[in-house]
Amino acid sequence: MKSLTLGTAHLLLPQHWGECTQTQLIEGLELQLLLQEKANDADGAMVLLQALACLLGKFTPAFWESLSIDQRFEIIEALRWATVEKATQLPFRSFRHRGRQYLLPRENFADTSGIELAMANIHYLAFSEGHPTRIFDLIATIARPCKWHTPIRRLLPSYDGDDRQTYNSLKAERRAKRLGSLRLGMCIAILQYWENQNNRFYEIYREIYEGGNGRTLFHNGEGWIATLEDVASAGVHGNFEKVCETNAHTLWMWLKHRKVLLNEQERLAEN
């Protein structure tokens, strides 16, 4: 948090979304989107900047009006990050919508299964290609209700760290319809968090996604399912159903090691 003194007033301003409350995050991301749309409208942008400043600074519009132009711009400068920065950290562990509690995946895909990663990327690709409603399919895939008897399950040797209900495509499809009324700022926060985690995962296993000539092997969503089928065909992690339930890092690390070995075998054969 950043301390700012303006005359007799002492303000405490967040320096990133991680220091914001859930309400500030959701409403702030909505204002950020509106600001980006009002980039060429100076008057409209100033109204939105005032709303953003009041939200993050936790002061009233009357206090804002009492400030000088220089003081207002000092606050705006301190909160400039909020006009462009994404919510890359876990925005909240869970959220409630229409009477149901939903848990988000843990950071670094620590509790993300192979099928969850594959289906989430399939929906994300469709969303990125101009199908906006697919964002609800993505959220329904990664945000799931808590399993029954979670406190007891955590004591069992078989506990896998995932407190969310096991992914089920039919339940996810029904859940996506319920989540269609989810607030925009909530959707943005979840999307940006998952995007960041997905990009980090990709960087760890980048070499798996590139052919020998540097071209990308997976051009569409079907490649994700094909990857799981490839792992299942090797039999190391069980059948396709078992592979789908296995942690994504376990599967992709095996793929990474296998590719290293194959590349080494090709190098030795050439020599």
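Preceding this section is the structure that the text describes.
What this report covers is the structure whose coordinates are included nearby. Here the residue numbering is sequential within each chain, running from 1 through the sequence in written order. Predicted model: local features are reported for residues with pLDDT of at least 70 only, side-chain atom pairs are reported and counted for 80 or more only, and whole-chain, interface and lining totals are derived from all residues. Think of the side-chain values as coming from all heavy atoms in the structure, minus any hydrogens and water.

On a plain count of helices and strands, the protein comes out with 12 helices and 4 strands. Projected onto its principal axes, the C-alpha coordinates of the protein cover approximately 75 × 50 × 35 Å. Accessible area is worked out with a 1.4 Å probe on protein chains only. A residue is then buried under 20% of its type maximum, exposed over 50%, and partly exposed in between. For the protein, the residues scored as buried account for 44% of the 271 residues in total. Exposure was quantified through the Shrake-Rupley algorithm and a 1.4 Å probe, taking into account, for residues, occlusion by the shown protein chains and nothing else. Accessible surface, the protein as shown: approximately 14900 Å² in total, 54% of it carbon and sulfur. Strands here mean DSSP runs of E at least two residues long; helices mean DSSP runs of H or I at least four residues long; both are numbered from the N terminus.

Our next topic: the state of the cysteines. Cysteine sulfur atoms that come within 2.5 Å of each other are treated as a disulfide pair. Tallied over the full model, the rule gives 0 disulfides. In this structure C187 is not part of a disulfide, and its nearest cysteine sulfur, from C20, lies 19 Å away. A residue is classified by how much of its surface remains accessible, and C187, at 5% relative accessible area, is buried.

A few words now on the environment of A120. Locating A120 in the fold gives a position in helix α5 (residues 114-128). A relative accessible area of 0% places A120 in the buried class. If sequence neighbours within four positions are ignored, A120 has contacts with L138, T141, I142 and W194. Contact definition: two residues touch when any of their heavy atoms are within 4.5 Å.

With that settled, consider the packing of aromatic side chains. Any two aromatic rings considered together are summarised by their centre-to-centre distance and by the angle between their planes. Under the pairing criterion, centres of Phe, Tyr and Trp rings, with the six-membered ring standing for Trp, must be within 6.5 Å; the plane angle then separates stacked pairs below 30 degrees from edge-to-face pairs above 60, leaving the rest tilted. The final tally for this structure, using the stated rule, is 10 aromatic pairs. On the numbers, 6.2 Å between centres and 70° between planes, the contact of F92 with F95 is edge-to-face. Overall, F92 belongs to the buried group, its relative accessible area being 6%. The interplanar angle of 70° and the centroid separation of 5.7 Å between the aromatic rings of F201 and W252 together place this pair among those described as edge-to-face. Of this pair, F201 sits in helix α9 (residues 184-204) while W252 sits in helix α12 (residues 248-270), and the two are 51 residues apart along the sequence. For the pair F201 and W252, a shared accessibility class is recorded, and that class is buried. Aromatic rings pair up to connect F109, F201, Y205, W224 and W252 into one cluster.

Salt-bridge detection follows one rule: a side-chain nitrogen of Lys or Arg within 4 Å of a carboxyl oxygen of Asp or Glu. Across all of its chains, the model carries 15 salt bridges by this definition. K38 is the salt-bridge partner of D41, the closest N and O atoms lying 3.9 Å from each other. Residue classification places D41 among the partly exposed residues on the basis of a relative accessible area of 30%. For K38, a relative accessible area of 36% puts it in the partly exposed group. We note a salt bridge from D111 to R164, for which the minimum N-O separation is 3.6 Å. Here D111, found in the loop between β4 (100-103) and α5, pairs with R164, found in the loop between α7 (150-153) and α8 (169-178); they are 53 residues apart in sequence, far enough to count as distant. Per residue, the accessibility class of D111 equals that of R164, and both read buried. Here the residues in one salt-bridge network are R106, D111, E116, R144, D162, D163 and R164, joined through shared partners.

What follows concerns the nonpolar core. Among buried residues, those of type Ala, Val, Leu, Ile, Met, Phe, Trp, Tyr and Cys that are joined through side-chain atoms within 4.5 Å constitute a nonpolar core. In this structure, W17, L56, I75, F95, I190 and W252 are the most contacted members of the largest nonpolar core, which totals 75 residues. Beyond its immediate stretch of four places on either side in the chain, W252 contacts G114, L117, F201, Y205, I208, Y209, W224, T227 and L228.

Our next topic: a nonpolar patch on the surface. Here the term patch refers to residues with relative accessible area over 30% and no salt bridge, with like charges joined within 9 Å and nonpolar side chains (Val, Leu, Ile, Met, Phe, Trp, Tyr) within 5 Å. On the surface, M46, I69 and F73 cluster together to form a nonpolar patch covering roughly 290 Å² of accessible area. The residue F73 is located in helix α4 (residues 69-78) in this model. Under the relative-accessibility criterion, F73 is labelled partly exposed at 47%.

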